[in-house]
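Understanding the architecture of this molecule
Residue-level listing of the chains:
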Amino acid sequence: MSSDPAASGWSTHSLASRFEESLPGVVALMRAYETAALGRTDTTAAEAEAELRAPEVDRDHSAVVLRGDEVIGLRLVFVDPAEREVTLDCWIHPQLPDADQRSLLGELAQGAHEVAARLATAAEPVPPAEAADPWQASPRVWQLVAGAYRQDRVWSEQLQSLGLRQVRTFQRMRLEHGLAVPEPTPPAGVAVHDAVDVSDLRDAWSVHQRAFADHWGGEAQRDFDAWVEYQKAFAGFDPTLWSVAVLDDEPVGLCAASDSRVEDGISYVPLLGIVREARGRGIARFLLRREFARSARRGLPITELTVDSESLTGADRLYRSVGMAPTVIIDSWLRPIRTAAPPESA
């Protein structure tokens, strides 16, 4: 995979062929793009590197674009058979002229659906039964998905030209609570168990599988060992920052923080959920306030998380009620993938 540098001024290579040598430049590109789009970075260097090293990244179909030794473009393709998703993401250096940015973005995104269909078919030769509505995120049907910052109209237009539709909006929310946060009182009958190591996460796994099953897009059901490996791939994974709320001896709530943004003084909470039968008791509010207090004790004055703006549980309203406010808006785009039909029986 390479483009003609004489014609374009850049050369395109598979990420597999240039991974280690281009890694620092790729991370710098990702953060430069975020700064240009948002006025600040949205991921730490550790998060960016973890994303690049994620086992779901298909390095052969992902690409890095070089101009000389400088990384000026990146395409990442993720394949997740459990979620039946092929995820596409592209970054272009913001210092390129607008015309070059559009041209390079088009080059990187070209044929994305065809590539996604081939990858999906290779991962699962016999297509699954499709969901009732293939335009709703679901692990029951293969889909091409992508995210776009609301400010990045060029990328959104590119996704639309590829046949994707904007289907959901997510908010990155933040509270600058400082370092003097009181410990909250748990709701009646609720206790909290903090994990010590990975072996303590079985209750967290149980809650996660149940609490997120009715969220938009559902949640792929993984056995415990596969789930642990999936969580360990994320930057800042630390089981000692995971807590489970217990009601009547039954694990019902999960708050999982990570150290992925510690370098920015932030405690990031990738998972916060309550099983359906325990909602409405103030457990999520308690776990979140407890995380504010723990963050403060750890010297982190800010807590962040990401929420579905149309959450059926009203999670965004809960977060606003404790003082959190949106700082970044991310639109989710989707297109169903038509995988190859199974061969006919002789």
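Residues numbered from 1 in each chain as written. Predicted model: local features only at pLDDT ≥ 70, side-chain atom pairs only at ≥ 80, totals over all residues. Heavy atoms only, no water.

What follows covers the packing of helix H2 (residues 15-38) against helix H3 (residues 45-53). Two elements in contact, H2 and H3, have axes separated by 10 Å at closest approach and are oriented at 130°. As summarised for this structure, H2 and H3 are arranged oblique, according to the angle between their axes. As H2 runs across H3, the sense of the crossing is right-handed. On H3, the residues that touch Phe-19, Glu-20, Leu-23, Val-26, Val-27, Met-30 and Arg-31 of H2 are Ala-45, Ala-48, Glu-49, Glu-51, Leu-52 and Arg-53. Taken together, the residues of the contact of H2 with H3 sort by class into eight nonpolar, no polar and five charged. (Axes fitted to C-alpha atoms, helices over the stretch in contact; angles between N-to-C directions. Helix = DSSP H or I, 4+ residues; strand = E, 2+ residues; numbered from the N terminus. Parallel < 35°, antiparallel > 145°, perpendicular 65-115°, else oblique. Left-handed = near helix turned anticlockwise from the far one by under 90°. Contact = heavy atoms within 4.5 Å. Nonpolar A, V, L, I, M, F, W, Y, C, P; charged D, E, K, R; others polar.)

With that settled, the discussion passes to the confidence of the model for the protein. Per-chain confidence: the protein averages 90 in pLDDT, with 93% of residues scoring 70 or above. A low-confidence stretch, residues 2-6 (pLDDT under 50), is modelled with nine contacts involving residues beyond four sequence positions or located in other chains. (pLDDT = per-residue confidence, 0-100.)

Trp-242, Leu-254, Ile-283, Leu-287, Leu-288, Tyr-319 and Met-324 are the most contacted members of the largest nonpolar core, which has 42 residues in total. When residues of this core are assigned to their parent elements, the largest contribution, six residues, is made by helix H9 (residues 283-297). By size, the runner-up hydrophobic cluster in this structure holds 31 residues, among which are Ile-72, Val-79, Val-115 and Trp-333. (Core = buried A, V, L, I, M, F, W, Y, C linked by side-chain atoms within 4.5 Å. Buried < 20%, exposed > 50% of the residue type's maximum accessible area, 1.4 Å probe, protein only.)

The next thing to look at is the sheet that holds strand S11 (residues 302-308). Here we have twelve strands laid out as an open sheet, ordered S1-S2-S3-S4-S5-S12-S6-S11-S10-S9-S8-S7, and mixed in their pairing. The open sheet terminates on both sides in strands that have one partner only, identified here as strand S1 (11-14) and strand S7 (190-194). Taken over all neighbouring pairs, the strand axes of this sheet differ in orientation by 25° on average, direction set aside. Relative to strand S2 (residues 63-67), S1 runs antiparallel, the two sharing four bridges. (Pairing = 2+ DSSP bridges.)

This next bit is on the packing of helix H7 (residues 202-211) against helix H8 (residues 224-232). Running from N to C, H7 and H8 cross one another at 90°; their axes reach a closest spacing of 10 Å. For the element pair H7 / H8, the angle class is roughly perpendicular. Note on element contacts: H8 touches H7 through Phe-224, Trp-227 and Gln-231, opposite Arg-202, Ala-204, Trp-205, His-208 and Gln-209. Across the contact of H7 with H8, the residue classes tally to four nonpolar, three polar and one charged.

Taken together, the buried positions of helix H6 (residues 153-161) are occupied by Trp-155, Ser-156, Gln-158 and Leu-159. Summarising the axial view, the buried residues of H6 lie within an arc of 160°, below the 170-degree limit, and thus occupy one face. In H6, the exposed positions angled more than 90 degrees off the buried face are occupied by Gln-160 and Ser-161. The inward-facing, buried residues of H6 abut strand S4 (85-92), helix H4 (98-109), strand S5 (143-149) and strand S12 (325-336). Two residues or fewer past H6, Gly-163 is found with a positive phi of approximately 90°. (Arc of directions from axis to C-beta.)

Remember that side chains alternate between the two faces of the sheet whenever the strand is regular. In terms of residue burial, strand S8 (residues 242-247) counts as a mostly covered element, since six of its six residues are buried. A two-sided burial pattern is seen for S8, the buried positions comprising Trp-242, Val-244 and Val-246 on one face and Ser-243, Ala-245 and Leu-247 on the other. Alignment of S7 against S8, held across five bridges, turns out to be antiparallel. If you follow Val-192 over to S8, its bridge partner there is Ala-245. The antiparallel pairing of S8 with strand S9 (residues 250-258) creates a hairpin that spans two residues between the two strands, and Asp-248 there sits at a positive phi of about 55°.

What follows covers the pairing of strand S6 (residues 165-176). Alignment of S6 against S12, held across nine bridges, turns out to be antiparallel. What sits directly across from Arg-165, in S12, is Leu-334. Where S6 meets S11, seven bridges bridge the pair, whose relative direction is antiparallel. What sits directly across from Arg-174, in S11, is Glu-304.

Within the secondary structure, Ala-245 sits in strand S8. Ala-245 sits 38 residues away from Ile-283 along the chain, and the two C-alpha atoms are 7.5 Å apart. Leave out the neighbours within four places in its chain, and Ala-245 touches Val-190, Ala-191, Glu-250, Pro-251, Val-252, Gly-253, Ile-283 and Leu-287.

Attention now goes to the pattern of salt bridges. Counted under the stated rule, the structure contains 22 salt bridges. Between Arg-261 and Glu-47 there is a salt bridge, with its nearest N and O atoms 2.9 Å apart. Taken together, the residues span a long stretch of sequence, with Arg-261 in the loop between S9 and strand S10 (266-274) and Glu-47 in helix H3 at a distance of 214 residues. Judged by relative accessible area, Glu-47 falls into the buried class, the value being 13%. For Glu-70, the salt bridge identified is with Arg-67, shortest N-O distance 3.3 Å. We classify Glu-70 as partly exposed; its relative accessible area is 34%. Three or more residues joined by partner-sharing salt bridges are found here, namely Glu-47, Arg-174, Glu-176, Arg-261 and Glu-304. (Salt bridge = Lys/Arg side-chain N within 4 Å of Asp/Glu carboxyl O.)

The first and last C-alpha atoms of H2 sit only 26 Å apart over 24 residues, clearly below the 34 Å expected at 1.5 Å per residue. The sharpest bend along H2 comes to roughly 80°, located at Ser-22, with the proline Pro-24 sitting one to four residues further on. All buried positions along H2 are accounted for by Leu-15, Phe-19, Ser-22, Leu-23, Val-26, Val-27, Leu-29, Met-30, Tyr-33, Glu-34, Ala-37 and Leu-38. Positioned one or two residues after H2, Gly-39 has a phi angle of 85°, which is positive. (Expected span 1.5 Å × (residues − 1). Bend = angle between axes of the 7 residues up to and from the residue.)

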